[in-house]
Each structure stands twice: as structure tokens, then as C-alpha cells.
Amino acid sequence: MAVRATKTSPAAPSARRTVETARHRTQAERSEETRTRILKAAANLIRKRGYARFRTAEVAKEAGLSRGAQLHHFPTKDSLVVATLEFVFEQARVLSRRRASAVNKPRDLIEAVIEDAREFFFSEHFMVAIDIVLSTSTDQSVRKEILEISRKARRPVEAAWTEALAANGVSAQLASDLVALTLSLVRGMALRTLWDNDPKWFDELFVLWRQMIKVFLSDQQPRSRPR
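What counts, and where the lines are drawn
- Residues numbered from 1 in each chain as written.
- Predicted model: local features only at pLDDT ≥ 70, side-chain atom pairs only at ≥ 80, totals over all residues.
- Heavy atoms only, no water.
- Salt bridge = Lys/Arg side-chain N within 4 Å of Asp/Glu carboxyl O.
- Helix = DSSP H or I, 4+ residues; strand = E, 2+ residues; numbered from the N terminus.
- pLDDT = per-residue confidence, 0-100.
- Expected span 1.5 Å × (residues − 1).
- Buried < 20%, exposed > 50% of the residue type's maximum accessible area, 1.4 Å probe, protein only.
- Patch = residues over 30% accessible without salt bridge, like charges linked within 9 Å, V, L, I, M, F, W, Y side chains within 5 Å.
- Areas by Shrake-Rupley, 256 points an atom, 1.4 Å probe, with all protein chains shown as cover.
- Lys, Arg positive; Asp, Glu negative; His and termini not counted.
- Charge placed at Lys NZ, Arg CZ, Asp CG, Glu CD.
- Phe/Tyr/Trp six-rings, centres within 6.5 Å; stacked < 30°, edge-to-face > 60°.
- Lys NZ or Arg CZ within 6 Å of the ring centre and 35° of its normal.
- Contact = heavy atoms within 4.5 Å.

What follows deals with the pattern of salt bridges. For the coordinates displayed, the defined rule picks out 8 salt bridges. For Glu62, the salt bridge is made with Lys48, and the minimal N-O distance between the two is 4.0 Å. Highlighted residues: Glu62 in helix α3 (residues 59-63) and Lys48 in helix α2 (residues 27-49), separated in sequence by 14 residues. Across the pair Glu58 and Arg49 runs a salt bridge, and its minimum N-O distance is 2.0 Å. Salt bridges linked by common partners bring Arg99, Asp116 and Glu119 together as one network.

Pasting the structure below:
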């Protein structure tokens, strides 16, 4: 009895694309993907456990990689923590600039500045950065790296919000001052959580600050002269 030959179904287009993509990935691309997986895993662990309980030995497992792969990219805890903070600070910078271009009224912008700043300054990653900078056991060079990362990430954010306010009729100098004051207020409240964490009170203070700026900006509008 003759055996009928079975026809092999052609691979689905999506499957072919996956194979072709995998075939054409360079070593540099694979290395960058591994590095990103490690940084995301480290960021997730820092977010969940805080810096005090952060253990580099757990990062590889979280990333689904070998310990050797992790050590190849980040041989020390300091190098991993610094790179992780740089990674999350850069993500925050990109998101902040996107937010700044999405709102178009001065008072809405101030509210957006506050919410954006709260998300960053009240995050575990910012607290880790503060912890590293203030830690007497941390190498001076690491502190300098963290400070430089912070400056590089936050200055463009301040510029983006300042430009957004200026684009809506606020003078450039006033826009810069309002953004600086707002970020300083949020940053100060974030640091206050180290000894007095009262979210409800913080919410009330931020509402008050928005109202004060709203009144201030309305006073800056030119008034028509009585006839």
C-alpha cells in the first residue's frame, strides 16, 4: 500500500518574521537586550524591597538569566545600582517631556508638573539615589555618578515644563521660577516622608499651591483700562 506524502504547511508570516528577526540580530543587539533585562529586574527588586534589602544575587533569577550573564555586564553592586538608576531616571525623563507637550493650559500645566514630580520624587528609585548620596559607606565616586545622573535627567525635564508654560503666555523667567518652585516643593515633601509621611496633608498642600499659582497668574494678566 503506497504511503501518501504529507504536505508541510508553510510557516505563518508572523513566524517567518520572528525567525528572520532572530537570525539577523547582532551580538551587540543581544547584549543590549540582556543588559536591559538585568536593569529592569534590578529596578523591579529595588522598587519592591528598597535599597537596604536589595541583593544583587537575586537579580539574575528575577531576569531569568544566569549569574554569569549578570556579572559580565555588572561585576559589582555599585555598577549595577548606578546603571539601574540611570536607566529609570532616563525613562522618567522621556515620560516627563511627553507629558509636558500633552497639556496646553497654564493651570493644567502646573497640576501636571506637580503630578509628574510626585511620581518621580516619591518613587523608591529617587529615595535610593538619596540613600546612596548620603551614605557614608558609599564610595565618593559612586555619589558623584548618582548626582551627575540626576542632573542629566532632571534638567531637561525642568526645561520642558518651562517651555510648555512659556508657550502658553507665561514669561520665560516667570515660567522658569514657577517650575523651580513647584519642583522644590514636591521634592521637599518627598524628603519629609522620611520622618513624617502624611499623604492627605501633602494633597492639601499641593491643592493650595495650585490655587496660589492660579491667582498669581490671573493677576499677571493685563487689565483693560476703564473708559
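This part is about the confidence of the model for the chain. Chain-level pLDDT for the chain is 84 on average; 85% of the residues reach the 70-or-more range. Per-element confidence in the chain is highest for helix α9 (residues 172-192), whose mean pLDDT is 95, and lowest for helix α1 (residues 13-24), whose mean pLDDT is 54.

A few words now on helix α8 (residues 140-167). The terminal C-alpha atoms of α8 lie 41 Å apart, and with 28 residues this matches the ideal 40 Å at 1.5 Å per residue to within 8%. Within α8, burial applies to Val142, Arg143, Ile146, Ile149, Ala153, Arg154, Val157, Ala160, Trp161, Thr162, Ala164 and Leu165. In the segment just after α8, Gly169 is the residue with positive phi, at about 100 degrees.

The grouping of Asp78, Glu86, Asp139 and Glu145 at the surface amounts to a negative patch. In this fold, Glu86 is placed in helix α5 (residues 77-100). Look at Glu86 and you get partly exposed, because its relative accessible area is 39%.

Another point: the packing of aromatic side chains. Overall, the coordinates contain 6 aromatic pairs when judged by the stated rule. Taking 5.7 Å as the distance between ring centres and 55 degrees as the angle between the ring planes, the aromatic pair formed by Phe120 and Phe126 counts as tilted. For the residue pair Phe120 and Phe126, the accessibility class agrees, reading buried in each case. Ring centres of Trp201 and Phe202 lie 6.0 Å apart, and the angle between their planes is 35 degrees; this geometry places the pair in the tilted category. Feature note: the residues Phe89, Phe120, Phe121 and Phe126 constitute an aromatic cluster, connected by ring pairs. Across the ring face of Phe122, the terminal group of Arg118 is positioned such that the distance to the ring centre comes to 5.5 Å. Directly above the ring of Phe120 sits Arg154, whose terminal nitrogen or CZ lies 4.0 Å from the centroid.

Attention now goes to helix α7 (residues 124-134). Owing to its 3.6 residues per turn, the α-helix aligns residues three or four sequence positions apart on the same side. Every buried residue belonging to α7 is among His125, Phe126, Met127, Val128, Ala129 and Ile132, and all of these are buried. In this structure, the buried residues of α7 make contact with α2, α5, α6 (106-121), α8 and α9.

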